[in-house]
Amino acid sequence: NIQVYLHPKLKTDEFKQEALSTDRAFPMNLKNYVPYLALDIWLDRILVNGLFALLFNESRSLGFLVDRWLKIQPVNPVTLIPTTESEAFVAVSETVMDQQRLGVFLLNRTTEKTN
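S.K.: Honestly, the side chain of Glu18 in this entry has me stumped. Any pointers?
M.R.: Relative to the helices and strands, Glu18 resides in helix α1 (residues 13-20). Leave out the neighbours within four places in its chain, and Glu18 touches Arg24, Met28, Tyr33 and Arg45.

S.K.: So what exactly am I meant to see when it comes to the packing of aromatic side chains here?
M.R.: What characterises a pair of aromatic rings is the spacing of the ring centres plus the angle enclosed by the ring planes. Per the counting criterion, the structure on display carries 4 aromatic pairs. Ring centres of Phe15 and Tyr33 lie 5.2 Å apart, and the angle between their planes is 65°; this geometry places the pair in the edge-to-face category. Here the residue Phe15 occupies a position in helix α1, and Tyr33 occupies one in the loop between β2 (28-29) and β3 (42-43), the gap between them amounting to 18 residues. Exposure class is identical for Phe15 and Tyr33. Each is buried. Following the ring pairs from residue to residue traces out a cluster consisting of Phe15, Tyr33, Phe52, Phe56 and Phe105. When the ring centre of Phe26 is taken as origin, the NZ or CZ atom of Arg45, which lies over that ring, is 5.5 Å away.

S.K.: I tried to follow α1 on my own but got confused; where do I start?
M.R.: In an α-helix, one turn spans 3.6 residues; hence positions three or four apart end up facing the same way. Residues of α1 that are buried include every one of Phe15, Glu18 and Ala19, and no others. Summarising the axial view, the buried residues of α1 lie within an arc of 95°, below the 170-degree limit, and thus occupy one face. Pointing more than 90 degrees away from the buried face of α1 are the exposed residues Asp13 and Gln17. Contacts from the buried residues of α1 go to β1 (2-6), β2 and α2 (45-50).

S.K.: Could you clarify how one ought to interpret the nonpolar core in this entry?
M.R.: Soluble, globular proteins show a tendency: their nonpolar side chains are buried together. Counting 27 residues, the largest nonpolar core has Leu6, Phe15, Leu30, Phe52, Val92, Val104 and Phe105 as its most contacted members. Where this core is concerned, the elements lending two or more residues are β1, α1, α2, α3 (62-72) and α4 (85-101). In terms of residue count, α3 provides more of this core than any other element does, 4 residues in total. Contact partners of Val104, with chain neighbours within four places excluded, come to Tyr5, Leu6, His7, Leu10, Leu30, Val34, Tyr36, Phe52 and Gln99.

S.K.: In this structure, what is going on with the pattern of salt bridges? I would like to understand it.
M.R.: Side chains that carry opposite charge are capable of pairing whenever their charged atoms lie near each other. Tallied over the entire structure, the rule returns 3 salt bridges. When the shortest N-O distance is used, the salt bridge between Glu18 and Arg45 registers 2.9 Å. Separated by 27 residues along the polypeptide, Glu18 in helix α1 and Arg45 in helix α2 bring together distant segments of the chain. Overall, the relative accessible area of 13% leaves Glu18 in the buried class. Two residues, Glu58 and Arg60, come together in a salt bridge whose shortest N-O distance is 3.5 Å.

About the cut-offs
- Residues numbered from 1 in each chain as written.
- Predicted model: local features only at pLDDT ≥ 70, side-chain atom pairs only at ≥ 80, totals over all residues.
- Heavy atoms only, no water.
- Helix = DSSP H or I, 4+ residues; strand = E, 2+ residues; numbered from the N terminus.
- Contact = heavy atoms within 4.5 Å.
- Phe/Tyr/Trp six-rings, centres within 6.5 Å; stacked < 30°, edge-to-face > 60°.
- Buried < 20%, exposed > 50% of the residue type's maximum accessible area, 1.4 Å probe, protein only.
- Lys NZ or Arg CZ within 6 Å of the ring centre and 35° of its normal.
- Arc of directions from axis to C-beta.
- Core = buried A, V, L, I, M, F, W, Y, C linked by side-chain atoms within 4.5 Å.
- Salt bridge = Lys/Arg side-chain N within 4 Å of Asp/Glu carboxyl O.

Put into structure tokens, the structure is as follows:
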């Protein structure tokens, strides 16, 4: 099981306000909030609202984020075919890994004990 955390330096009021804003349709430039990024990193607003916003108060499991993605992106916006769990897993996993490489998300692998 993988727990996903938002980097503590991003837990600012300014970033939170932008991430939680639903009245904007344009992408969000992550470089405005992460000063060590050398290039502009534009993020889809649905991604920011749907995933980043969940991580302000607590970490979330990768499985939880996949379930959330299925709720906010239930169909492919081009084909209108329902999103499968495997498609959601790939989309969220790739996003999480991209953000981890940028230092935006921190990951922790946990082991669940079974009796």
